[in-house]
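The primary structure of each chain is shown beneath.
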Amino acid sequence: MNYSVIADAYEKIEATTKRLEMTDLLVDLLKKTPKESIAKVVYLTQGKIYPDFVGLEIGVAEKLAMRALARASGREKSEIEEDLKKSGDIGETAQKLLAKKKQTTFFQKTLTAQRVYETLDKMAKTTGYGAVDSKMALLAGLLSDASPKEAKYIMRTVTGNLRLGIADMSVLDALAIAYGGGKESRELIERAYNISSDLGRVANIVAEKGLEGIKKFQVVVFEPIRPMLAERLSSPEEILEKMGGKCVAEYKYDGERVQAHKKGNQVVLYSRRLEDISSQYPDAIELVKNQVKAKEAILEAECVAIDLETSELLPFQELMHRRRKYGIEKAMEQYPVSLFMFDALYVDGKDLTLDAYPVRRKALEKAIKENDRVKVARHIISNNVKKLEEFFEEAIENGCEGLICKAIGKGSVYHAGARGWLWIKYKRDYKSEMTDTVDLAVVGAFHGRGKRAGTYGALLLATYNPDTDTFETVTKCGTGFTDKDLAEIPEMLQKQVIQHKHSRVQSMLEADVWFEPSVVLEILGAEITLSPIHMCAMDSIRKGSGLAIRFPRFTGRYRLDKAAEDATTSAEVVEMYRSQLKKISEA
Ligand code: ATP
């Protein structure tokens, strides 16, 4: 196939603003394309040579493109720069300058689509020493044999400026019309795309094998499945009604969504946007390798930053430290992660995407071996508003964003690539950010595990309520303590240990060790939330709820200058909660 056929089609597509007309032009192009080249032509129309998840881009900077044009056209760089300033489009500049040259040249090879694709592919794969010059030479070679119009589109493609406005959905429409027998087949073809994220492969199958081929289209390991997304409601009543009276409710962990693909010893992690993010999480890769028993699997999980010593979940922002090219080993040590698995889409040869959720969840539980860093998302099955509300509060208390409620009926398939009512998220409407530190009295402690065996894993902290002369628990804090702190704190608290909860302490939590309130620590939290578990200012904002400080961290300051009664008061925390209260924007 000659590249000129493609360039002509691009020119017409560019000239229209009507979607239907664009689809017709695309249908025309796809019909003219030999079947074995259809995948390549589909990638090219989107300015790509591979599906996004492969992560290979042609990536030619404008400067390099100008050098190639200078060589192919025989023009001075300054002249090219001058023209580019006027046109603002390297494609147009190439077309114009080459048109002048072509008038004086007689011999010109015809450019095949195959050659254009292969050259772009070579350019994308050229890296390392001398890569810039090699890429330049490859591009100049193409331009020398291109017609001015072809050069325009080649230049735009390599510099990432093709922008024909052909959305994935238009390609799917065009494929349905060209090879699927009509628009009605669009849904089937779209499903194939949703479970492979590869328009080229889908195009190839429908062109070569028709709809029969598409019906047999299968999930394949290392081709990411487009994620299923959740709708949102703001009360358990509404959620249960939508779900037909009963649902699974799971913690909505606050981390980064990963789709883990495993085949033998090879593991790739894809992000929510289906980019390969394996290099950011070498530790998560090891966790998948070791804890996923299935030989082949595609599982979904939320990757969450944690404090390894206390197992506390940390806020999403901590994962930002993983978005770097260098020093990932250090980031891994400083910001460890856990995986909370929440779906199984494929396990050992079986595509589970069309199975109901309870079937997928069972397969998930069977496919993994849980340990302290790989767990199945915590869940309950319920038809009860109050139970859901309690579970929601528990999720918040444990560092999660809320709940994701999931349908469990027959039709509860994995709806790839769609936001729908099979999943409904339930998040808080309001949150109150903490900007100031608080001074809290230590009233209890919990034994440490693992590295913290023999010392305290977390301290139970309280505000002071002068009206009742009591200490009301407000948070449990295990973060921010140095090894020295950990060694010293039990000694420091030794004299205050008592056999049972102090009569002036208000707590629903059962600590392992109780203290007479005396030691005061400075604490910085991320936010203040309503909580059914903590007693601080109980009932003052909402009946049955106290206030809690989330993501608390010891600042390192022992307030030895303060008596327990000088701790921050419950009323002050109420004030902080009210003054920082913000509506969480709809998401
Ligand atoms: P949000 O900002 O609410 O995460 P979103 O558009 O990114 O919005 P949603 O569909 O609204 O995505 O929410 C689903 C997200 O919640 C998933 O992408 C996933 O990252 C996260 N999540 C956490 N825990 C779970 C769980 N148990 N099941 C499904 N998704 C979960």
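Every value quoted in this text rests on a predicted model; they were computed, and no experiment measured them.

Thoughts on the domain arrangement of the protein
Many authors give the size of an interface as the accessible area that is lost as the parts come together.
Stage number 1. Domains assigned within the protein are domain 1 (229–426) and domain 2 (438–586).
Stage number 2. Once you take the C-alpha centre of each, domain 1 and domain 2 turn out to be 30 Å apart.
Stage number 3. Counting residues at the interface gives 14 residues for domain 1, matched by 21 residues for domain 2.
Stage number 4. With both sides pooled, the region where domain 1 packs onto domain 2 buries about 1,400 Å², and carbon together with sulfur makes up 44% of that total.
Stage number 5. For domain 1, the biggest contributors to the area lost against domain 2 are Glu309, Glu393 and Glu397; these three give 42% of the whole.
Stage number 6. Taken together, the links from domain 1 to domain 2 amount to three salt bridges.
Stage number 7. Glu393 is the salt-bridge partner of Arg542, the closest N and O atoms lying 3.6 Å from each other.
Stage number 8. Scanning the region where domain 1 abuts domain 2 turns up eight residue pairs in polar contact (both at pLDDT 80 or more).
Stage number 9. Broken down by element, the residue count for the side of domain 1 that touches domain 2 peaks at three residues, all from helix α17 (residues 385–397).

Focus on the packing of helix α4 (residues 62–73) against helix α5 (residues 77–87)
Describing two packed helices takes the angle between their axes plus the distance from one axis to the other.
Stage number 1. Where α4 meets α5, the axes come as close as 9 Å, and the angle between the chain directions of the two elements is 120°. Compared by their axis directions, α4 and α5 come out oblique. Judged by the sense of rotation from one axis to the other, the crossing of α4 with α5 is right-handed. Judged by residue contacts, Glu62, Met66, Arg67, Leu69, Ala70 and Ser73 of α4 engage Lys77, Ile80, Glu81 and Leu84 from α5.

Description of the pattern of salt bridges
Stage number 1. Going through the model one piece at a time under the given rule, you end up with 44 salt bridges.
Stage number 2. Here Glu212 makes a salt bridge to Lys215, at a shortest N to O gap of 3.3 Å. Here Glu212 pairs with Lys215, and both are found in helix α12 (residues 199–215), just three residues apart, close to one helical turn.
Stage number 3. A relative accessible area of 48% places Glu212 in the partly exposed class.
Stage number 4. Overall, Lys215 belongs to the exposed group, its relative accessible area being 51%.

Re the site of the ligand
Stage number 1. In the vicinity of the ligand there are 17 residues, among which Ala230, Glu250, Glu302, Lys406 and Lys425 approach most closely.
Stage number 2. Glu250 is positioned such that a nitrogen or oxygen atom in its side chain is 2.8 Å from a nitrogen atom of the ligand.
Stage number 3. In this structure, Lys252 approaches the ligand through a side-chain N or O atom, which is 3.1 Å from an oxygen atom.
Stage number 4. When the free accessible area of the ligand is taken as 590 Å², the share hidden by the protein chains comes to 86%.
Stage number 5. Considering every element that reaches the shell around the ligand, the biggest residue donor is strand β11 (residues 419–427), with four residues.
Stage number 6. Looking at the shell around the ligand residue by residue, the class counts come to eight nonpolar, no polar and nine charged.

Quick word on helix α14 (residues 282–291)
Helical periodicity: at 3.6 residues per turn, an α-helix aligns residues three or four positions apart in one direction.
Stage number 1. If you check which residues of α14 are buried, you get Asp283, Ala284, Ile285, Leu287, Val288 and Gln291.
Stage number 2. Residues of α14 that are buried in the fold lie against β3 (256–263), β4 (266–270), α15 (328–334), β6 (337–347), α16 (357–367) and β8 (374–376).

A closer look at the sheet that holds strand β1 (residues 229–232)
Stage number 1. Read across the sheet, five strands follow the order β1-β11-β10-β2-β9 without closing on themselves; strand pairing throughout is mixed. On the outer flanks of this sheet lie β1 and β9 (379–382), each paired with one strand and no other. The mean angle between the axes of side-by-side strands here comes to 35°, regardless of whether they run parallel or antiparallel.
Stage number 2. Summarising the sheet, strand β2 (residues 247–252) and strand β10 (residues 402–406) pair through five bridges and their orientation is antiparallel. Residue pairing across strands places Lys252 opposite Gly402, the latter belonging to β10.
Stage number 3. Its contacts with the sheet put α16 on β2, β9 and β10, and the angle it makes with β2 is roughly 50°.

Rules of the game
- Residues numbered from 1 in each chain as written.
- Predicted model: local features only at pLDDT ≥ 70, side-chain atom pairs only at ≥ 80, totals over all residues.
- Heavy atoms only, no water.
- Domains from an automatic or database assignment.
- Contact = heavy atoms within 4.5 Å.
- Buried area = accessible area lost by both parts, 1.4 Å probe.
- Salt bridge = Lys/Arg side-chain N within 4 Å of Asp/Glu carboxyl O.
- Polar contact = N/O pair within 3.5 Å; in protein donor to acceptor, adjacent residues only side chain to side chain.
- Helix = DSSP H or I, 4+ residues; strand = E, 2+ residues; numbered from the N terminus.
- Axes fitted to C-alpha atoms, helices over the stretch in contact; angles between N-to-C directions.
- Parallel < 35°, antiparallel > 145°, perpendicular 65-115°, else oblique.
- Left-handed = near helix turned anticlockwise from the far one by under 90°.
- Buried < 20%, exposed > 50% of the residue type's maximum accessible area, 1.4 Å probe, protein only.
- Near = heavy atom within 4 Å.
- Areas by Shrake-Rupley, 256 points an atom, 1.4 Å probe, with all protein chains shown as cover.
- Nonpolar A, V, L, I, M, F, W, Y, C, P; charged D, E, K, R; others polar.
- Pairing = 2+ DSSP bridges.

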